[in-house]
Amino acid sequence: MRKPKPWFRMALVLTIIMSMLAACSGGGKGAAPEAGGGSGETPAPAAPADPNQYGDTGGLTLPLVDKPTTLTWMVASEKTDLNDSLLAKEIEKRTGIKINFQAYSSATFNDKLKVTVASGKLPDIFHGLTPSELKKIGKQKAVVAINEHLDMLPNFKRMYVDENPWVIPSYGDESGNIYTWPVANINRDVNHGFLYRKDIFDELGIKEWTNTEEFYQALKKLKEAYPDSYPYASKTKEHIFRDWAYGWGLGGANYPVYYDEAAKVWKYATVQPEHKEMLDFMKKLYNEGLLDPEFMTDTDDSWTAKMTSGNKSFVTYDWIGRLDLFYNQVKDQNPNYDLRYGNPVGPTGNGKTIESITNGFSIAVANNDNKEAALKLLDYLTSPSGATLVTMGVEGETFKLEGDKAVYPELTDVPLVDISVLEDRYGLWLQGLYVNADKRSVYFNYTEKEQEAQDKLLNGNKFEPLDPVLNFTDDETATIAEIQTSLKKLADEFNAKYILNKSYGDAQWQQWQTQAEKQGAKQLVDIFNAAQKRLDEATK
């Protein structure tokens, strides 16, 4: 046996020395303890009676294998009997591939992953490394370069090469190899935004705002009616600047670095004139008692008390689930309580766009004898047929369709069928397994108030453009980490002082411009623009 050689260094925690020989030949055998049970026996593939009965496979032919195949798959789940789940049995029935799940609770998953990776005995499919870590072991050929197998992956090719050619340049390495299997369609269109007390607005005859001036006038009327109130409350501390930035055209996943679509360059938000306009607006609200003085310090509890009291605060920014959550908390005391989703605030009139494709899970395939079967299985789960299976179940067996929504006739004992119930009963929606979602799933069921939020932004097309997804070198990543943390801390401190301190004005703004430059703001955006240039060249 060859002597093990260094593999890669896990950031700040442990240095992992891995045997490439073990990684390339293990096939998951002898890997981390199996929390999911299972016999480990290799079954004969079971061909379905009618391979076409499972819907649109995206060009794949079922079953996927022509010889007995068992794959190990590491997932995060509280369930200990996944190998006996409906999902495991159905996947085997359709594809001929038996899955031996290695399931760990979300509390222990990361520790188990580190131990597993350090052992060099990777499961056939796993997730959880950072993109940078995954690229490092990919270059060592411990995991599969997916792009080298496109000829047998019609769904991956369609979604991530033909329809979204930015995916490999953005998620791959500098050689054009991609080691992560992206996840698609798991995000809702609208998940956060401005929320307001419609019952109070109606009581006072205030119409919902449609622009920033109307938002200001609405807060003024609320203050006039309730002089002891602070109409706008916040619990997100310094993140209020990030959340509001979309309305001023400065928002994005990398905030405070953002992409200026008109100029086609990356900029640092907190030194832009639009950012000063946003701070000036917040300062005006604060000076007039319209913005809660505790907006930088409020906790969840103190903010909740204000938003549910009836006379303290009436407008905020938060998750849409809060619309019904707050109502359920106070309905006995105040059955008229009616929190609703409000229009975005700011001159753009836009809110956040949530990405439909992400590499956040870093799902990877070990480079071993089972790699082709593992890749084909992921490709099947990416197809419309596979997406339906892992997020809805089996039509006629677990669910039936009512309109365009899945319902579960046998789950009459469950007050609310959500994805945690589907995981518990059938093994669906497993973190680390689902790679595509069927939008007919219960995850996309909305309450009346949540649906109103979706409709408001979708019908009005009130979304800021999604920033490009950049791919940084290791040196760039290290430099960004070095600059970003300290610079953002200074920016947040300046933002708060600018609003809270009446003496802060143009002179302090100019001083901050100089300070931000010295702290590396230009160096930071230079890195982003260099990465953008590479992305443009790769996708032109």
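For the structure itself, look to the data block above.
Since this is a predicted model, take the numbers as computed values, not measurements.

K.L.:
I keep staring at the side chain of threonine 270 and nothing clicks. Help me out?
P.N.:
One can find threonine 270 in the loop between strand E9 (265-268) and helix H10 (273-287). If sequence neighbours within four positions are ignored, threonine 270 has contacts with Tyr255, Pro256, His275, Ala491, Asn495, Trp509 and Trp512.

K.L.:
Can you help me understand the sheet that holds strand E7 (residues 192-197) in this one?
P.N.:
As a general point, the strands of a sheet are linked pairwise by backbone hydrogen bonds and lie either parallel or antiparallel. Strand order across the open sheet formed by 3 strands is E10-E7-E11, with antiparallel pairing between neighbours. In this open sheet, the two edge strands, each paired with only one partner strand, are strand E10 (315-319) and strand E11 (339-341). Strand-to-strand twist in this sheet, taken as the mean axis angle between neighbours without regard to direction, amounts to 40°. Relative to E11, E7 runs antiparallel, the two being bridged by 3 bridges. Paired with tyrosine 196 across the strands is arginine 340, a residue of E11.

K.L.:
Sorry, what's going on with the layout of surface pockets here?
P.N.:
With a probe scaled to a water molecule rolled over the atoms, the places where space remains empty come into view. Roughly 1100 Å³ of volume is contained in the largest pocket. What lines the largest pocket is a set of 44 residues, among which Ala253, Asn254, Glu355, Asn359 and Val469 lie closest to the centre. Breaking the lining of the largest pocket down by element, the ones donating at least two residues are helix H4 (131-139), helix H6 (167-171), helix H9 (239-245), strand E12 (357-365) and helix H17 (474-500). For the lining of the largest pocket, the element with the most residues is H17, which contributes 4 residues. Residue composition of the lining of the largest pocket, grouped by class: 19 nonpolar, 15 polar and 10 charged. Three or more residues apiece are contributed to the lining of the largest pocket by two domains, here domain 1 (69-187 + 357-438) and domain 2 (192-353 + 448-539).

K.L.:
Any chance you could explain the pairing of E9 here in plain terms?
P.N.:
Remember that side chains alternate between the two faces of the sheet whenever the strand is regular. Here E9 shows a buried face lined by Trp266 and Tyr268 and an unburied face lined by Val265 and Lys267. In this sheet, E9 lies alongside strand E8 (residues 257-260) in antiparallel orientation, the contact comprising 4 bridges. Bridge pairing in E9 links aspartate 260 to valine 265. The antiparallel pairing of E8 with E9 creates a hairpin that spans 4 residues between the two strands, and lysine 264 there sits at a positive phi of about 60°.

K.L.:
I would appreciate a short explanation of the pairing of strand E6 (residues 181-184) in the present structure.
P.N.:
Residues Trp181 and Val183 point to one face of E6 and Pro182 and Ala184 to the other, with burial holding for every one of them. Bridging between E6 and E12 involves 3 bridges; their strand directions are antiparallel. By the bridge assignment for E12, alanine 184 is matched with isoleucine 357.

K.L.:
Quick question: what am I supposed to make of the packing of aromatic side chains here?
P.N.:
Any two aromatic rings considered together are summarised by their centre-to-centre distance and by the angle between their planes. Enumeration over the complete set of coordinates arrives at 33 aromatic pairs. Centroid distance tyrosine 196 to tryptophan 209: 5.4 Å. Interplanar angle 65°. Geometry classified as edge-to-face. Here tyrosine 196, found in strand E7, pairs with tryptophan 209, found in the loop between helix H7 (198-204) and helix H8 (212-225); they are 13 residues apart in sequence, far enough to count as distant. A single burial state applies to tyrosine 196 and to tryptophan 209, both of which are buried. Relative to phenylalanine 215, the ring of tryptophan 209 lies with its centre 5.0 Å away and its plane at 80°, an arrangement referred to as edge-to-face. Residue classification places tryptophan 209 among the buried residues on the basis of a relative accessible area of 0%. An aromatic cluster is present here, built from Phe194, Tyr196, Phe201, Trp209, Phe215, Tyr232, Trp244, Trp248, Phe281 and Tyr317 joined pairwise through their rings. Positioned above the aromatic ring of tyrosine 498 is the side chain of lysine 283, whose terminal nitrogen or guanidinium carbon lies 5.2 Å from the ring centre.

Criteria and cut-off values
- Residues numbered from 1 in each chain as written.
- Predicted model: local features only at pLDDT ≥ 70, side-chain atom pairs only at ≥ 80, totals over all residues.
- Heavy atoms only, no water.
- Helix = DSSP H or I, 4+ residues; strand = E, 2+ residues; numbered from the N terminus.
- Contact = heavy atoms within 4.5 Å.
- Pairing = 2+ DSSP bridges.
- Axes fitted to C-alpha atoms, helices over the stretch in contact; angles between N-to-C directions.
- 1 Å grid on protein atoms, 1.4 Å probe; cavity = no way out; pocket = protein on both sides within 12 Å on 5 of 7 lines; lining within 4 Å.
- Points joined across faces, edges and corners; volume = space filled by probe spheres on them.
- Nonpolar A, V, L, I, M, F, W, Y, C, P; charged D, E, K, R; others polar.
- Domains from an automatic or database assignment.
- Buried < 20%, exposed > 50% of the residue type's maximum accessible area, 1.4 Å probe, protein only.
- Phe/Tyr/Trp six-rings, centres within 6.5 Å; stacked < 30°, edge-to-face > 60°.
- Lys NZ or Arg CZ within 6 Å of the ring centre and 35° of its normal.

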